[in-house]
Amino acid sequence: MATRSKIPSLSTIFSLYTSLSAFTILFKTILHEILPLKIRTFIVSRFTNYFSSYFNSDFTFIVEEKCDYVTNQTFRAAEVYLPTLLAGITTGSLLVGSSNLKDPIAKPKYGIPINAKIIDEFEGIRLEWTLLSAKNESLYQSKEKRYFHLTCKKEFREKIMSDYFIYIAKLSVKILAQRESLKIHTYNSEFHVWESTIFQHHTTFETLAIEPELKNTLIRDLDAFSNGKDFFKTVGRAWKRGYLLYGPPGTGKSSLVAAIANHMCYSIYDLQLQSVQDDAMLRKILTYTENRSILLIEDVDCGGADASCREENGLWSSCVEERIIIFTTNHKEKLDPALLRPGRMDVHVLMNYCTPYVFRKLAALYLEIEEHNLFETIEKMIVEVKATPAEITEQLMVSKNPDVSLKSLVEFLESKKKMSKESEEGAEIKEA
Ligand SMILES: Nc1ncnc2c1ncn2[C@@H]1O[C@H](COP(=O)(O)OP(=O)(O)OP(=O)(O)O)[C@@H](O)[C@H]1O
């Protein structure tokens, strides 16, 4: 009975509803008549925001492609890491492709499709990634802006911030170290951008003909650099290494750069110093390069020594890590002495004319032979005549038949010897 008496009668409910409706109409009228449109919109939006964030338990991180004008490393890590999750994705379609020019029948890799949701799980936390794209139209150009949304439950926000982003950054470094194709970036000074293409130079330390001591010293130096993060930190130096490769044209300086890139699995940024106008421009160009890469400045003697010295002054060391800089020159004697001072370029490498060892290595590579009855003659001539490895390889490629190509090489060396003798005699006559 007591329970029954608490239930309101139908007439009470009806009269309550009527008075409530009347109040709502009256309130709406007051709102419309008294409050201006701007204030009404403001009140409504504040209510909407409050209730939507109260009921929505999700949190979204926005990861843009650029951060403080440089490549956002979190974006880069996501770009490298997410394709590893795509094999199990349950969308109706997937982006696939292969950039492996060395192996045309290589299995294609997954790419990240725009707008597709990619689900990840980290320590039991469900995460949802989406790659988005927006067009940024300006007066002069239309640029595509890409960014990721990473959504998780609000309560995991701190965990994701402190652990998950570091986890994917570490994984991406590992993945990049195993990638099969490197890139070469060339600076386009007209549009102020680095243009990239697949790096196809197959030279390795195995196929580079250099003296064994030099090869072993270089490999040891590169490996020590690669494992030296803690050392560089302890001694308070930026984690970078500078190499100066010098020697006559055709002695393998560019081939050595390729061997270093392939050994380290680093991409190359090829910069023409002539296209750099001042320090500010150089700084900007360098901030758009990624770490674990080689900055290559070829023919540094050709009018850019000032800029190379500026660069050496360490202006970029603060913003990049794990970097190798390689300068090449055919004329070391023309370089600004400031660049050659101790502590500037860490390693100076002379790439010189062909030696008997280098010749044998080239014969093994190009003709697949270890011995031949012309070897002794050729070795003797190589000691007397200055011939570059590039000149020797040209002769070795004359024919697949070793008898033919080695004979051609002997003739080439004989004519070179004759020419140098004639020019020496000419010089003596002039002096007389
Ligand atoms: N040490 C070497 N081992 C194997 N091949 C070599 C070597 N040196 C030169 N070559 C061959 O000669 C070609 C030209 O050499 P490379 O471009 O590396 O010389 P370089 O010293 O960089 O010349 P430049 O100063 O003109 O740029 C290479 O593509 C390669 O085929």
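Preceding block: the structure.
What comes next is a walk through the structure. No experiment lies behind these values; they were computed from the predicted model shown. (Residues numbered from 1 in each chain as written. Predicted model: local features only at pLDDT ≥ 70, side-chain atom pairs only at ≥ 80, totals over all residues.)

Looking only at helices and strands, the protein features 15 helices and 15 strands. For the protein, buried positions account for 21% of its 432 residues. Restricting the contact set of the protein to residue pairs at least 6 apart, pairs at least 24 apart contribute 72%. (Helix = DSSP H or I, 4+ residues; strand = E, 2+ residues; numbered from the N terminus. Buried ≥ 20, exposed ≤ 12 C-beta atoms within 10 Å, placed from the backbone. Contact = placed C-beta atoms within 7 Å.)

A separate point is unusual backbone geometry. If you check the backbone angles, asparagine 115 has positive phi at about 75 degrees while not being a glycine. For aspartate 299, which is not glycine, the phi torsion reads 50 degrees and is therefore positive. For aspartate 299, the location among the structural elements is in the loop between strand 13 (293–297) and helix 10 (305–315).

Turning our eyes to something else, we now look at the site of the ligand. Surveying the vicinity of the ligand reveals 15 residues, the closest of which are Pro249, Gly252, Ser254, Pro389 and Ala390. When contributions to the shell around the ligand are tallied by element, the ones reaching two or more residues are helix 8 (253–264) and helix 14 (389–396). Residue classes in the shell around the ligand are distributed as seven nonpolar, seven polar and one charged. Of the domains in this structure, domain 2 (193–350) and domain 3 (356–422) are the two that each give at least three residues to the shell around the ligand. (Near = placed C-beta within 6 Å. Nonpolar A, V, L, I, M, F, W, Y, C, P; charged D, E, K, R; others polar. Domains from an automatic or database assignment.)

Across the interface, helix 6 (residues 212–226) lies against helix 8 with an axial gap of 11 Å and an inter-helix angle of 40 degrees. By the criterion of interaxial angle, the relationship of helix 6 to helix 8 is oblique. In this structure, helix 6 crosses over helix 8, and the sense of that crossing is right-handed. Across the interface between the two elements, Ile219, Leu222 and Ser226 from helix 6 touch Ile260, His263 and Met264 from helix 8. When its residues are assigned to classes, the contact of helix 6 with helix 8 shows four nonpolar, two polar and no charged. (Axes fitted to C-alpha atoms, helices over the stretch in contact; angles between N-to-C directions. Parallel < 35°, antiparallel > 145°, perpendicular 65-115°, else oblique. Left-handed = near helix turned anticlockwise from the far one by under 90°.)

Further remarks concern the nonpolar core. One finds Leu245, Ile260, Ala261, Ile294, Leu296 and Ile326 to be the most contacted residues of the largest nonpolar core, which totals 52 residues. Built from parts of two domains, this core gets at least three residues from each of domain 2 (193–350) and domain 3 (356–422). The residues touching leucine 245, leaving out its near neighbours within four places in the chain, are Lys253, Leu256, Ile326, Thr328, Val349 and Met351. The next biggest cluster of nonpolar side chains, apart from the first, holds twelve residues, and it includes Val63, Leu131, Phe148 and Ile168. (Core = buried A, V, L, I, M, F, W, Y, C linked by C-beta atoms within 7 Å.)

To continue, consider the sheet that holds strand 10 (residues 193–199). In spatial order, the strands read 10-9-12-13-14-11-15; together these seven strands make up an open sheet with mixed pairing. For this open sheet the edge positions go to strand 10 and strand 15 (347–350), each flanked by a neighbour on one side alone. Strand-to-strand, the axes of this sheet are offset by a mean angle of 20 degrees, without reference to chain direction. Pairing analysis gives four bridges linking strand 11 (residues 240–246) to strand 15, with the strands arranged parallel. Counted as the bridge partner of leucine 245 is valine 349 from strand 15. (Pairing = 2+ DSSP bridges.)

By the element assignment, asparagine 227 lies in the loop between helix 6 and helix 7 (229–234). By C-beta crowding, asparagine 227 is classed as exposed, having 9 other C-beta atoms within 10 Å. Linking asparagine 227 and glutamate 322, residues 95 residues apart in sequence, is a C-alpha distance of 10.0 Å.

It is worth spelling out helix 6 at this point. Over its 15 residues, helix 6 extends 21 Å from the first C-alpha to the last, a length consistent with the 21 Å expected when each residue adds 1.5 Å. Residues of helix 6 that are buried: Leu218, Leu222 and Phe225. Along the long axis of helix 6, the arc covered by the buried residues comes to 60 degrees, so they all point the same way. Residues of helix 6 that are exposed and point more than 90 degrees away from the buried face comprise Pro212, Glu213, Asn216, Arg220, Asp223 and Ala224. Here the buried face of helix 6 lies against strand 11 and helix 8. (Expected span 1.5 Å × (residues − 1). Arc of directions from axis to C-beta.)

Helix packing for two helices is described by the angle between their axes and how far apart those axes are. Taken N-terminus to C-terminus, the directions of helix 12 (residues 356–367) and helix 14 make an angle of 35 degrees; their axes are 10 Å apart at the nearest point. In this structure, helix 12 meets helix 14 at a crossing whose hand is right-handed. Note on element contacts: helix 14 touches helix 12 through Pro389, Ile392, Thr393 and Leu396, opposite Val358, Phe359, Leu362, Ala363, Tyr366 and Leu367. For the contact of helix 12 with helix 14, a count of residues per class yields nine nonpolar, one polar and no charged.

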